[in-house]
Each structure stands twice: as C-alpha cells, then as structure tokens.
Amino acid sequence: MESTEAILLRKRQFSDTSLIVSWCTESFGCVQTVAKGARRPKSPFAGKLDLFFEAEISIVRSRKSDLHTLTEVVLKNPFPGIRSNYLRTQTAAYFVELIEICTERDHREPELFGLLRRAFGYLDANDPTQRAVVHFETELARITGVHDKKSLGEADSFSYSAAVELGNLFGRLPLSRTPLLKTLAAEAKNSSK
C-alpha cells in the first residue's frame, strides 16, 4: 500500500456499489482508482469523494492495469469556496480538463500537483480572472516543457501563446476554454463600470 497527497479530478460509476475516481497526486502523477463500495450508504468513503477535494489517499497498485485500488481517504481540504459560485466551479473544471489533456497517467510530476493545489487555493478565496487563467496555462506549459518565460518575453498578461502551444502539442484545448474566457471578460467589464 502506498500513500500520497491527491486532488480529486473526476469520478464516475463503475458498478452498482463502486466508483472510478481520477486523482492528481503528488507522488504518482495522475492516476485512476476504483473505490470499492463507495456508493454504499455506510461506506468508509462517504463524504470524502467529491470533485476538487484534496486528501491523503492510500492505494494498492494494480500489476495488470492502470486502474489501482483505493483503500483509504483522509480529507485535507474540501476547497468549499470553489463551490460558492458557478464561475469558480467552471474555472476549476477547466483547470482539471487541461491537466487531463496535458498529462500521461502514472507519470510523476510533483510540480503539476503543486500548481493545481495553488490554483484551487486561489479559487477557494478569490473569484477567477483572465489573468489567473492565463497564469495557470503559462505555468502548465512551462511544467510540460513547451513554454518558458524567455519565450514569453515581456508580453502582456493576457497573451495566449502558452495556451496555443499546449493546444498544438496535445492536439486540442478543452472546449470549455472559450465560454470561460468570454464569461471572465464580461465579468471584468461589468466590474469596471
């Protein structure tokens, strides 16, 4: 059994009683686990498996597949502020989609976990801005090795070159990006009035 800090990215039904849960972890990278019995009323996972939760998880690695067994979850930070308004939730979901596109399963990248933890900490306390989204994209591009600060030069903070580079490397960007940026631009316009 191995333990690590993790942030819950996605969950879906596996069977009548179990879930498949995707995590971004500090020690193992992005992994998928099966939470056996998680849908039962008296499950030890009850109340601990929700989107964007940070937890310490214990898993037993599968030798046959990339679907590992989740054995324990200790909730660390539920980031309740992310659920306080739709725009924060929408931005967190975009960050998760982007990480899923840009990472391989079971590839350890502690910087990626740190970036997501900082982003969720920011969204927990603040409403998102275009600047925050661009910063996340730029840092993700730097971590994945497709973009560095030197290639940015002194471009303004709303330069989308990092996102373009991520899209080129990985074949696409999340479809949720365009509506998110439109909503953020409208919010910025409304708040400046």
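Relevant structure appears above.
Quick look at the structure, then. (Residues numbered from 1 in each chain as written. Predicted model: local features only at pLDDT ≥ 70, side-chain atom pairs only at ≥ 80, totals over all residues. Heavy atoms only, no water.)

## Overview of the nonpolar core
- Of all hydrophobic cores here, the largest spans 33 residues; its most connected members are F95, L116, F120, F136 and L140.
- Going through the elements one at a time, strand 1 (2-13), helix 1 (86-102), helix 2 (110-125), helix 3 (130-144), helix 5 (161-170) and helix 6 (177-191) are the ones with two or more residues in this core.
- Here this core takes nine residues from helix 1, the largest share from any one element.
- What F120 contacts, discounting residues up to four positions off in sequence, is I7, F52, F79, I82, A92 and V96.
- Within the second largest apolar cluster, 16 residues are counted, among which are A6, W23, V31 and L49. (Core = buried A, V, L, I, M, F, W, Y, C linked by side-chain atoms within 4.5 Å. Buried < 20%, exposed > 50% of the residue type's maximum accessible area, 1.4 Å probe, protein only. Helix = DSSP H or I, 4+ residues; strand = E, 2+ residues; numbered from the N terminus. Contact = heavy atoms within 4.5 Å.)

## A word on the packing of helix 2 against helix 3
- For the pair helix 2 and helix 3, the least separation of the axes is 10 Å and the interaxial angle reads 175°. In terms of axis orientation, helix 2 runs roughly antiparallel to helix 3. Only A132, F136, E139, L140, R142 and I143 of helix 3 make contact with helix 2, whose side of the interface consists of E111, L112, L115, L116, R118, A119 and Y122.
- Considered class by class, the residues forming the contact of helix 2 with helix 3 number nine nonpolar, no polar and four charged. (Axes fitted to C-alpha atoms, helices over the stretch in contact; angles between N-to-C directions. Parallel < 35°, antiparallel > 145°, perpendicular 65-115°, else oblique. Nonpolar A, V, L, I, M, F, W, Y, C, P; charged D, E, K, R; others polar.)

## A closer look at the state of the cysteines
- Following the criterion strictly, the structure yields zero disulfides and no others.
- Here C24 is not cross-linked by a disulfide; its sulfur's nearest cysteine counterpart is in C30, at 4.3 Å.
- Under the relative-accessibility criterion, C24 is labelled buried at 1%.
- Cysteine C102 shares no disulfide, and the gap to the nearest cysteine sulfur, in C30, comes to 10 Å.
- The class for C102 is buried, based on a relative accessible area of 7%. (Disulfide = S-S within 2.5 Å.)

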